[in-house]
2 protein chains.
Amino acid sequence: MQNRPGRPPRITISDVSTAAGVSAATVSRVLNGTAKVDSSLVDRVHDAVRQLGYRPNAAAQGLARGEWGTIGVLVPDLANPYFPDILKAVSTVARAHGRRMMVMESDENPAAEHDLVEDLMRCCDGVLLCSPRMDRAELVELAGRKHPMVLFNRVVPGLSVPSISVDFHGGMTQVCGHVAQLGHRRAAYLSGPSASWANAERIRAFEGARAFGLEVTVVECGATSQAGYDAASAALDAGVTAILSYNDLVAFGALSRLQELGISVPADLSVVGFDDLSLDRVAHTELTTVSVSRDNLGRRGGEILEELLVTGHDADPVYLPMTLHLRKTTAPPPTI
Amino acid sequence: MQNRPGRPPRITISDVSTAAGVSAATVSRVLNGTAKVDSSLVDRVHDAVRQLGYRPNAAAQGLARGEWGTIGVLVPDLANPYFPDILKAVSTVARAHGRRMMVMESDENPAAEHDLVEDLMRCCDGVLLCSPRMDRAELVELAGRKHPMVLFNRVVPGLSVPSISVDFHGGMTQVCGHVAQLGHRRAAYLSGPSASWANAERIRAFEGARAFGLEVTVVECGATSQAGYDAASAALDAGVTAILSYNDLVAFGALSRLQELGISVPADLSVVGFDDLSLDRVAHTELTTVSVSRDNLGRRGGEILEELLVTGHDADPVYLPMTLHLRKTTAPPPTI
DNA sequence: CTGTTAGCGCGTTCAT
DNA sequence: ATGAACGCGCTAACAG
């Protein structure tokens, strides 16, 4: 942008126009294909562009066009293994539509989210809010700004904002059904981040699980394998025959602890994961879990946002069903 | 930006100025603290801002200031577990300096990198190139644009661009030393992405390893646990007593295969990882590996870029030493 | 088909 | 201390 000492002078569109002996408008037209231009001029422009190494200034373009060519993504934690696949998919979709991707993280601090989203709105055409932890009121307030926005893995009843979410409730219900069918009556749930809607949805499934004759005790845990490791014995204390987990990481952590305790899985105890983080090769343990393709999830999220940006039309809320993967960490409870 | 149908009218600085009964210049001064303003006017401005819900347009600010307030990061693969920690650290540093973070990925396609970097330069104050796969010539060409740029995990001899890299060569040398000292004479290396400088540096260490009396055979593999699993038997065919890996994922994948083959580690065979991806809790296997804090690495990378942006001064190249973690997958070779 | 003109929204002189 | 005027770099509407 403006010339700063020690940096090469910015080459602008007018530099190109004078070098090519045409008007700036013509340069713009050639570069954007906005209108037909005499081929001789086209060549001269291209030559000038090449020789000067001209690149249009994105801020100026944005200002003039009223579009930044950028989407913003907010995630609670960049280090959470759930999001890389999502970001990758969103990035791919964005790029396919000529858009860049700005990324921000709240570091699991709900209070930080509002300002971050506000900032994203100042510099992005649309915003994708992944698993936002902020409360409903804040979300409603942000939605009220009418800035293109898509909710990802967070459903807010009564808020008409395009959204895409995994059916966590249904997924956990499948898990409960599976475990109950095996004959388990009491299970523990290693709970994830307290502000997480996704976690709340999983927990909500336990009400319905009573109908299967399964009683689930919620144990505070977290989202990492270390948390799962640490919380495993507390879960055991609840006197259960099965452990359900917030995610696969937690489950593997718990498995690690159980092994140390000499408890054999699934003979003595059943363990179920969540999300299918594809760590089986690493853990060489085939974990029973439930999942949905994160690639597909991220891609569709990006597409919904893109559609919103282009047509201005809110796509219908998407609710993706999870698939149960029966593997080798669940079995009937030990017969006493 | 410009009003588009179906969206609320953009509130600009002049809306605020008329509402507050002051000039736009005053609003700007109040918001940026650029100059002293009468406190009564300050209040009126703040009130107007709040009531109108005014947010400065980032593109306009960028254009006027000659700064975007944004840094760009390019990574080869967003799904590679090495980068989340890096991105998180870089994002934190950027935010601490009031900058946003734009992220792009080349999807391990070296040919795509050049255009992506060019695009980043059009909209970012500075660029961080993580493990770029492009060839030296392209890198030199990009550096020639004098756009603030930092190289991360890629050293280009003769190119004076600020850089921060892990001493992969030294790390692998430590690995070789450790293995040789245990008495191993022949090892296999499960090789990573061919275009990766980081991989090349690891391989380069094998020349020096001959001095320890260790002969290392390079086996094509990849960067995932699946690749490690698949390549494990090929490594075995080389008739070795130890397997060295491109990263921990590969090592765990290989371990998984070895277990299937009934080969016990470290009694029959030693296995060494790389990077310490902290998967031990998941794999409940204490992998001998070598590493450097990715958090620190990312943070310093961000700081080097920040310093470059602020002072314009190239920081000296940083070369971070790796630390060897002796755990439980290495032991002397079996006595015949 | 092409050049001229007028903004896009903001920061920053320069006068006052 | 404050306002008016100009420019950042580019696109779009308007003439010709």
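Residues numbered from 1 in each chain as written. Chains lettered and ligands numbered in written order. Predicted model: local features only at pLDDT ≥ 70, side-chain atom pairs only at ≥ 80, totals over all residues. Heavy atoms only, no water.

A. Structural context of the overall build of chain A. Along the backbone of chain A there are 13 helices and twelve strands. Since a compact globule built from 336 residues should have a radius of gyration of about 20 Å, the 26 Å found for chain A marks it as more spread out than a globular shape. Here the C-alpha coordinates of chain A stretch approximately 90 × 40 × 35 Å along the principal axes. Evaluated residue by residue, chain A yields a buried proportion of 55% over its 336 residues. Taking contacts inside chain A between residues at least 6 apart in sequence as the whole, the part at least 24 apart equals 68%. For chain A, the exposed area adds up to about 13,500 Å²; of that, 52% sits on carbon and sulfur atoms. Mean positive and mean negative side-chain charge positions of chain A (31 and 38 charges, respectively) differ by 7 Å. (Helix = DSSP H or I, 4+ residues; strand = E, 2+ residues; numbered from the N terminus. Rg over C-alpha atoms; globule rule 2.2 N^0.38 Å. Buried < 20%, exposed > 50% of the residue type's maximum accessible area, 1.4 Å probe, protein only. Contact = heavy atoms within 4.5 Å. Areas by Shrake-Rupley, 256 points an atom, 1.4 Å probe, with all protein chains shown as cover. Lys, Arg positive; Asp, Glu negative; His and termini not counted. Charge placed at Lys NZ, Arg CZ, Asp CG, Glu CD.)

B. Seen up close, the relation of the copies chain A and chain B. For the pair chain A and chain B, the relating rotation is 180°, the translation along its axis is 0.0 Å, and the fit reaches an RMSD of 0.1 Å. Taken together, the rotation angle and the small translation identify this as a two-fold axis. Here 100% of the interface residues in chain A have copies in chain B that are interface residues too; the copies meet face to matching face. (Least-squares fit on C-alpha atoms with pLDDT ≥ 70 in both.)

C. Seen up close, unusual backbone geometry. Looking along the chain, the bond that leaves A:V265 and enters A:P266 is cis, with omega of 10°. Here A:P266 is to be found in the loop between α11 (248-260) and β9 (270-272). If you check the backbone angles, B:D275 has positive phi at about 95° while not being a glycine. Mapped onto the secondary structure, B:D275 falls in the loop between β9 (270-272) and α12 (280-283). You will see that B:D276, though not glycine, has its phi angle at about 55°, which is positive.

D. Looking closely at helix α8 (residues 168-181) of chain A. Along its 14 residues, α8(A) runs 20 Å from first to last C-alpha, staying within 8% of the 20 Å computed at 1.5 Å per residue. Looking at α8(A), one finds that the buried residues are A:F168, A:G170, A:G171, A:M172, A:V175, A:C176, A:G177, A:H178, A:V179 and A:A180. (Expected span 1.5 Å × (residues − 1).)

E. Region of interest: the packing of helix α2 (residues 24-32) of chain A against helix α3 (residues 39-52) of chain A. Residues and elements named next belong to chain A. Packing of α2 against α3 leaves a shortest axis separation of 10 Å and a crossing angle of 90°. Between α2 and α3, the angle is such that the two are roughly perpendicular. Between α2, through T26, V27, V30 and L31, and α3, the contact on the second element is made entirely by L41, V42, V45, H46 and V49. Taken together, the residues of the contact of α2 with α3 break down into seven nonpolar, two polar and no charged. (Axes fitted to C-alpha atoms, helices over the stretch in contact; angles between N-to-C directions. Parallel < 35°, antiparallel > 145°, perpendicular 65-115°, else oblique. Nonpolar A, V, L, I, M, F, W, Y, C, P; charged D, E, K, R; others polar.)

F. Quick look at the domain arrangement of chain A. Residues and elements named next belong to chain A. Domain annotation of chain A identifies domain 1 (13-64), domain 2 (70-167 + 294-321) and domain 3 (168-291). Using only C-alpha atoms to locate each centre, domain 2 and domain 3 end up separated by 28 Å. Facing 14 residues of domain 2, the contacting portion of domain 3 comprises 15 residues. Here domain 2 packs against domain 3, burying approximately 1,100 Å² in sum over the two surfaces, 54% of which is carbon and sulfur. Of all residues in domain 2, the largest losses of buried area upon contact with domain 3 belong to R133, D167 and R294, amounting jointly to 40% of the total for that side. In this assembly, domain 2 and domain 3 are joined by zero salt bridges. Our count for the contact surface shared by domain 2 and domain 3 stands at six residue pairs in polar contact (both at pLDDT 80 or more). Split by residue class, the side of domain 2 that touches domain 3 holds seven nonpolar, two polar and five charged. (Domains from an automatic or database assignment. Buried area = accessible area lost by both parts, 1.4 Å probe. Salt bridge = Lys/Arg side-chain N within 4 Å of Asp/Glu carboxyl O. Polar contact = N/O pair within 3.5 Å; in protein donor to acceptor, adjacent residues only side chain to side chain.)

G. How the structure looks around the sheet that holds strand β7 (residues 215-220) of chain A. Residue and element names in this part refer to chain A. Read from one edge of the open sheet, four strands run β7-β6-β8-β9, paired in parallel fashion. The open sheet has two free edges, formed respectively by β7 and β9, since each of these has just one partner strand. Direction aside, the axes of adjacent strands within the sheet are offset by 20° on average. Pairing geometry for strand β6 (residues 186-191) and β7, over six bridges, is parallel. Among the inter-strand pairings, L190 is bridged to a residue of β7, identified as V219. Across the sheet, α11 lies against β6, β8 (242-245) and β9, angled at about 155° from β9, the strand it touches most. (Pairing = 2+ DSSP bridges.)

H. Seen up close, the protein's contact with DNA strand C. Among the 26 residues in the neighbourhood of DNA strand C, the closest are listed as A:T26, A:R29, A:D38, B:I13 and B:Y54. At the protein interface, 69% of the atoms of DNA strand C within 4 Å belong to sugar or phosphate. Within the backbone of A:D38, an N or O atom sits 2.4 Å from a phosphate oxygen of DNA strand C. One of the backbone nitrogen or oxygen atoms of B:N57 is found 3.0 Å away from a phosphate oxygen of DNA strand C. Those elements that place two or more of their residues in the surface near DNA strand C are α2 and α4 (58-65) of chain A together with α2 (24-32) and α4 (58-65) of chain B. Split into classes, the residues belonging to the surface near DNA strand C amount to 13 nonpolar, seven polar and six charged. (Near = heavy atom within 4 Å.)

I. Structural view of the protein's contact with DNA strand D. Surrounding DNA strand D, one finds 25 residues, the nearest of these being A:I13, A:Y54, B:T26, B:R29 and B:D38. In DNA strand D, the atoms that sit within 4 Å of the protein are 73% sugar and phosphate, with bases accounting for the remainder. At 3.1 Å, a side-chain N or O of A:N32 approaches a phosphate oxygen of DNA strand D. Contact between DNA strand D and A:A60: a base nitrogen at 3.5 Å from a main-chain N or O atom of the residue. Secondary-structure elements contributing two or more residues to the surface near DNA strand D are α2 and α4 of chain A together with α2 and α4 of chain B. Considering only residue class, the surface near DNA strand D consists of 13 nonpolar, seven polar and five charged.

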